Amino acid sequence: MANHRFQGLKLWRKLTRREWTIAAASLSILIFTISFISHSQRYSPNSTTPANNWIPFTPLTNAHHKSAFCLDGSLPGYHLQKGFGSGSDKWVLHIEGGGWCNSIESCSFRQTTKLGSSRFMEHEVQFSGILSSDSSQNPDFFDWNKVKIRYCDSGSFSGHSDSEFKNGTKLFFRGQVIWEAVIGELLSIGLSNAKKALLSGCSAGGLATLIHCDDFREILPKDANVKCLVDAGFFLNEKDVAGSPTIERFYQDVVNLQGVANSLKKDCTSRLEPYKCFFPQEFISNIKTPVFLVQPGYDFWQIQNILVPGSSGPLRSWVRCKLNINSCNSKQLEVLQDFRNSLLKTLGGFHQNPEGGMFINSCFIHCQTWMTETWHSPRSPKIDNKTIAEAVGDWYFNRNEAKHIDCPFPCNPTCYNMDFTQI
């Protein structure tokens, strides 16, 4: 009998360089998550939220009826914590991130992880950051209904079943159907009566938030205040330091493999090849619903996977810099500054949008909204003396204009800069 413990290893060996890119990215995010969990759980000893406040996983009850399945055919789902008091008719939804798969091999590997199967997901999770029920950690949304939507389709909730293989390969590309089924179930248990709602997401979940933002607005009451918050989901279409279009090729594979085109903005796909419309810069100007962008100027995921993917050949000199921005030499920092400048230039039009908001800090980090440490704590990153939570609250409730752009690295002493050499 074959030793199943080595099946995953065999799949890893089959991955191409571009597939390794996304696999390594998922591992980076996992490490990043673990490194913060202990901090977030220890913070605020006077918290009003019980330490054992675990939120159970709820499998979709309508999954079979809707044919909504994770990559491996297991049931997708979510974690729900009911709102209380004045927050009973208000909702915040957060879409989990975790990269994408672009080939049969990389998608098959994901079937053996929680990014492609609910069989490997935690049965319970603790909410923190924007999902916290502690007013000291989440001042504006603590009493709202809070939902964490689990990510197991690996296509930013945009894949379509007509792209599935008919040759016996058991891969389910049902991202769009999962999205519709989750929202449909939430509507039936109270979301349809929401007075206020905020759709948010991190990384690949942030991209999903942008893709589905207007659809989310359309299904809620017309008099509801509905907005979207995108955390580290603005992925740039930039060539890597060797001049290769690594991320463009990767996105092209994802879109073609999973049939994503049918979920993308039609006013974009009518003028560009569909895979280019997977990049937010090509369609954000056409989103009608107000959007807030939380984006680090030195996003470690984009630096490690878009700007400097891999570590062989001429890229070997970047290994230490990619792990710790403080290890970058002067020439490497110039390249990173150019990458940040490209982000700011690309966001120039969005900056003029009166309904939009942004928090572009100069930290070497990725997602920042779902962890107390970076969302709202005494140690959180600040711009203009405001935490991300305070800036988002100002924007959502129209208290103040909320367009915050940091000075270049290393000017901000409040930044939490990831150091992967210490993990």
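Starting from 1, residues in each chain are numbered consecutively following that chain's sequence as written. With the structure being a predicted model, the display of local features is reserved for residues of pLDDT at least 70 and the display and counting of side-chain atom pairs for 80 or more, all residues being used for whole-chain, interface and lining totals. Only hydrogens and water are set aside; all other atoms, that is, all heavy atoms of the structure, feed into the side-chain values.

Explanation requested: the state of the cysteines in the structure shown.
One way to say it: the disulfide is the covalent bond shared by the sulfur atoms of two cysteines. Two cysteine sulfur atoms make up a disulfide if the distance between them is within 2.5 Å. One pass over the structure, following the stated rule, counts eight disulfides. Between the sulfur atoms of C268 and its disulfide partner C277 the distance amounts to 2.1 Å. Negative torsions about the S-S bond denote left-handed disulfides, and the value of about -95° found for C268 with C277 makes this one left-handed. Comparing C268 with C277, the two get one shared label, buried. A disulfide bridge connects C321 with C328, and the sulfur atoms are separated by 1.9 Å. For the disulfide bridge between C321 and C328, the dihedral angle about the S-S bond is near 85°, and by the sign convention the bridge is right-handed. With relative accessibility at 2%, the residue C321 sits in the buried group. For every residue, the accessible area (1.4 Å probe, protein chains only) is compared with the maximum for its type, and the residue is labelled buried under 20%, exposed over 50%, or partly exposed between those bounds.

Help me understand unusual backbone geometry in this model?
With the exception of glycine, most residues fall at negative phi, and the peptide bonds are largely trans. Residue F409 is joined to P410 through a cis peptide bond whose omega torsion reads 10°. In this description a helix means any DSSP run of H or I spanning at least four residues, a strand means any run of E spanning at least two, and both kinds are numbered starting from the N terminus. By the secondary structure assignment, P410 is in the segment after β10 (403-405). A positive phi angle, close to 60°, is found at S203, a residue other than glycine. On the secondary structure map, S203 appears in the loop between β6 (196-202) and α6 (204-219). Positive phi is not limited to glycine here, since A232 has a value of about 55°. Among the structural elements, A232 can be located in the loop between β7 (225-231) and α7 (246-258). Taking the relative accessible area as the measure of exposure, A232 reaches 0% and is therefore buried.

Could you clarify how one ought to interpret helix α14 (residues 388-396) in this entry?
Since there are 3.6 residues in each turn of an α-helix, residues three or four apart along the chain are aligned in direction. Across the nine residues of α14, eight count as buried, placing the element largely inside the fold. Where α14 is concerned, the buried positions are I388, A389, A391, V392, G393, D394, W395 and Y396. Any two residues whose heavy atoms approach within 4.5 Å at even a single point are treated as in contact. Looking at the buried positions of α14, the neighbouring elements they touch are β6, β7, β8 (291-294), β9 (357-360), α13 (372-375) and β10. Downstream of α14 by a residue or two, N398 has a phi angle that is positive, lying close to 55°.

Where do I start with the environment of W54 in this structure?
If you trace the backbone, W54 turns up in strand β1 (residues 54-59). The spatial distance from the C-alpha of W54 to the C-alpha of H79 is 9.7 Å, given a sequence separation of 25 residues. If near-sequence neighbours (up to four positions away) are discounted, W54 is found in contact with E124, V125 and Q126.

For this particular structure, what's the right way to read the pairing of β1?
On a regular strand, each side chain points to the face opposite its neighbour's, so the side chains alternate between the two faces of the sheet. Any two strands between which DSSP finds at least two bridges are classified as paired. Taken together, the three bridges between β1 and strand β4 (residues 124-126) define a ladder with antiparallel strand orientation. Residue pairing in the sheet places W54 in a bridge with Q126 of β4. Pairing of β1 with strand β2 (residues 77-81) involves three bridges; the strand directions are antiparallel. Across the sheet, the residue bridging to T58 is Y78, located in β2.

Explain the side chain of S117 here, please?
Residue placement: S117 occurs in the loop between α4 (104-110) and β4. Filtering out sequence-adjacent residues up to four positions away, S117 remains in contact with C70, D72, S74, R110, Q111 and C152.

Explanation requested: the nonpolar core in the structure shown.
Looking at soluble globular proteins, one finds that nonpolar side chains tend to be buried together. Side-chain atoms within 4.5 Å link the members of a nonpolar core, which is a set of buried Ala, Val, Leu, Ile, Met, Phe, Trp, Tyr and Cys residues. Membership of the largest hydrophobic core comes to 84 residues, with the highest contact counts inside it found for L93, W100, F216, Y251, F278, V291 and L336. Top element by residues in this core is α6. It accounts for seven residues. Not counting chain neighbours up to four residues away, the residues in contact with F216 comprise L93, W179, I183, L191, A197, L198, L199 and V226. Listed in part, the 22 residues of the second largest apolar core include V125, F292, A389 and V392.

Please explain the environment of P221 as it appears in this structure.
In this structure, P221 sits in the loop between α6 and β7. For P221, a relative accessible area of 23% corresponds to the partly exposed category. Separated by 25 residues in the primary sequence, P221 and K196 have C-alpha atoms spaced 9.4 Å apart.

Even after reading the chapter, I still don't get the packing of helix α5 (residues 175-188) against α6, so can you show me in this structure?
Geometry of a packed helix pair, given as the angle between the helix axes and the separation of the axes. Interhelical geometry of α5 versus α6 gives an angle of 30° and a closest axis separation of 12 Å. For the element pair α5 / α6, the angle class is roughly parallel. Relative to α6, α5 is oriented so that their crossing is right-handed. Contacts between α5 and α6 pair Q176, W179, I183 and L187 from the former with H212, F216 and I219 from the latter. For this classification, Asp, Glu, Lys and Arg are treated as charged, while Ala, Val, Leu, Ile, Met, Phe, Trp, Tyr, Cys and Pro are nonpolar and the rest, including Gly, are polar. Across the contact of α5 with α6, the residue classes tally to five nonpolar, two polar and no charged. Axis definition: a line fit to C-alpha positions, over the contact stretch in the case of helices; interaxial angles, taken between N-to-C directions, run 0 to 180 degrees. Roughly parallel refers to an angle under 35 degrees, roughly antiparallel to one over 145, roughly perpendicular to one between 65 and 115, and oblique to any angle outside these ranges. Two helices that cross are described as forming a left-handed crossing if the nearer one is turned anticlockwise from the farther one by less than a right angle, and a right-handed crossing if clockwise.

How do you make sense of the pattern of salt bridges when you look at a structure like this?
Opposite charge on two side chains permits pairing when their charged atoms draw close. Whenever a carboxyl oxygen of Asp or Glu lies within 4 Å of a side-chain nitrogen of Lys or Arg, that contact is scored as a salt bridge. Applying the stated criterion across every chain, the model contains 14 salt bridges. A salt bridge links R119 to D72; its shortest N-O distance comes to 2.5 Å. Residue R119 is found in the loop between α4 and β4, and its partner D72 is found in the loop between α3 (63-66) and β2; the two are separated by 47 residues along the sequence. Judged by its relative accessible area of 60%, R119 is exposed. Exposure remark for D72: the relative accessible area of 18% places this residue in the buried category. Residues D89 and K90 are paired through a salt bridge, measuring 3.4 Å at the closest nitrogen-oxygen approach. For K90, a relative accessible area of 15% translates into the label buried. Through salt bridges with shared partners, a single network forms among E96, K114, E122, K148 and R150.

Note that all results are geometric; they support no functional claim without further evidence.
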